[in-house]
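Take a look at the letters that make up each chain.
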Amino acid sequence: TSRGLGDVYKRQTDKVFMTAQKMPRFPKEQGELDQYLKQHITYWKNAAKQKEEGRVIVTFIVRKDGQITDARVVRSVSPTLDAEALRIISNMPKWEPGENNGVPVSVKYTIPIMFRLR
């Protein structure tokens, strides 16, 4: 049996890409990603008391429908800041999905989240 174009299309759109011709983007109507992160970071009392600061690096998948899934900390600072970084990522609005040849695809994305006491 031969595989049709539909099979090739399905495999491409189910796959998670590390890069795409058009990378996923944070939705323009939400402003800039950096602004969004700064506005939504909540310093937990015990993290502030312990003077915890640093950069948590989080990886996640932007699905072909723009949903954010599979968020994971790949560089930890502390359990408290890691949990806050995952909370922020998990609550983000849908993104504009990545595309290959004009077809929406799922793409793995990595971002740093800075925690600084003011």
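Here, the structure is the one placed above.
Quantities reported herein were computed from a predicted structural model and do not represent experimental measurements.

Novice: I tried to follow unusual backbone geometry on my own but got confused; where do I start?
Specialist: Of all residues except glycine, most have a negative phi; of all peptide bonds, most are trans. Positive phi outside glycine occurs at Asp 70, with the angle close to 55 degrees. Within the fold, Asp 70 resides in strand S3 (residues 68-75). Overall, Asp 70 belongs to the partly exposed group, its relative accessible area being 45%. Here the phi dihedral of Asn 101 falls at roughly 55 degrees; this positive angle occurs in a residue that is not glycine. Position of Asn 101 among the secondary structure elements: in the loop between strand S4 (98-100) and strand S5 (103-115). A residue is classified by how much of its surface remains accessible, and Asn 101, at 62% relative accessible area, is exposed.

Novice: Looking at this structure, how should I read the environment of Tyr 36?
Specialist: Within the element layout of this structure, Tyr 36 appears in helix H2 (residues 33-40). Classification of Tyr 36 as buried rests on a relative accessible area of 6%. Residues contacting Tyr 36, with those up to four places away along its chain left out, are Phe 26, Gln 30, Ile 88, Asn 91, Met 92 and Pro 93. A distance of 3.3 Å separates a polar atom in the side chain of Tyr 36 from the backbone oxygen of Asn 91.

Novice: Would you mind showing me how to read the nonpolar core here?
Specialist: Nonpolar side chains in soluble globular proteins generally cluster together in the buried interior. Counting 19 residues, the largest nonpolar core has Phe 60, Ile 89, Met 92, Trp 95 and Ile 113 as its most contacted members. The contacts of Trp 95, once residues within four sequence positions are left out, are Pro 24, Arg 25, Phe 26, Pro 27, Leu 33, Phe 60, Val 62, Gly 66, Ile 68 and Tyr 109.

Novice: I tried to follow the environment of Tyr 109 on my own but got confused; where do I start?
Specialist: Tracing the backbone through its elements, the reader meets Tyr 109 in strand S5. A sequence separation of 92 residues divides Tyr 109 from Phe 17, and the C-alpha atoms of the two residues are 9.3 Å apart. Filtering out sequence-adjacent residues up to four positions away, Tyr 109 remains in contact with Met 23, Pro 24, Val 58, Thr 59, Phe 60, Val 62 and Trp 95.

Novice: Would you take a moment to explain the packing of aromatic side chains for this structure?
Specialist: The relative placement of two aromatic rings is captured by the distance of their centres and the angle of their planes. If you walk through the whole model with that rule in mind, you get five aromatic pairs. Between Phe 60 and Tyr 109, the ring centres sit 5.7 Å apart and the planes meet at 40 degrees, which makes this aromatic pair tilted. Of this pair, Phe 60 sits in strand S2 (residues 54-62) while Tyr 109 sits in strand S5, placing them 49 residues apart in sequence. A relative accessible area of 1% means that Phe 60 is categorised as buried.

Novice: Can you walk me through the pattern of salt bridges in this structure?
Specialist: Side chains that differ in charge, positive against negative, can pair when their charged atoms come close. Within the structure shown, the criterion is met by four salt bridges. Close ionic contact of Glu 96 with Arg 25 constitutes a salt bridge, the shortest N to O distance being 2.6 Å. Of this pair, Glu 96 sits in the loop between helix H4 (79-90) and S4 while Arg 25 is found in the loop between strand S1 (16-17) and H2, placing the two residues 71 residues apart along the sequence. Its relative accessible area of 22% is what places Glu 96 among the partly exposed residues. Residues Glu 84 and Arg 87 are paired through a salt bridge, measuring 2.7 Å at the closest nitrogen-oxygen approach. Highlighted residues: Glu 84 and Arg 87, both in helix H4, separated by three residues, approximately one helical turn.

Conventions adopted
Residues numbered from 1 in each chain as written. Predicted model: local features only at pLDDT ≥ 70, side-chain atom pairs only at ≥ 80, totals over all residues. Heavy atoms only, no water. Helix = DSSP H or I, 4+ residues; strand = E, 2+ residues; numbered from the N terminus. Buried < 20%, exposed > 50% of the residue type's maximum accessible area, 1.4 Å probe, protein only. Contact = heavy atoms within 4.5 Å. Polar contact = N/O pair within 3.5 Å; in protein donor to acceptor, adjacent residues only side chain to side chain. Core = buried A, V, L, I, M, F, W, Y, C linked by side-chain atoms within 4.5 Å. Phe/Tyr/Trp six-rings, centres within 6.5 Å; stacked < 30°, edge-to-face > 60°. Salt bridge = Lys/Arg side-chain N within 4 Å of Asp/Glu carboxyl O.

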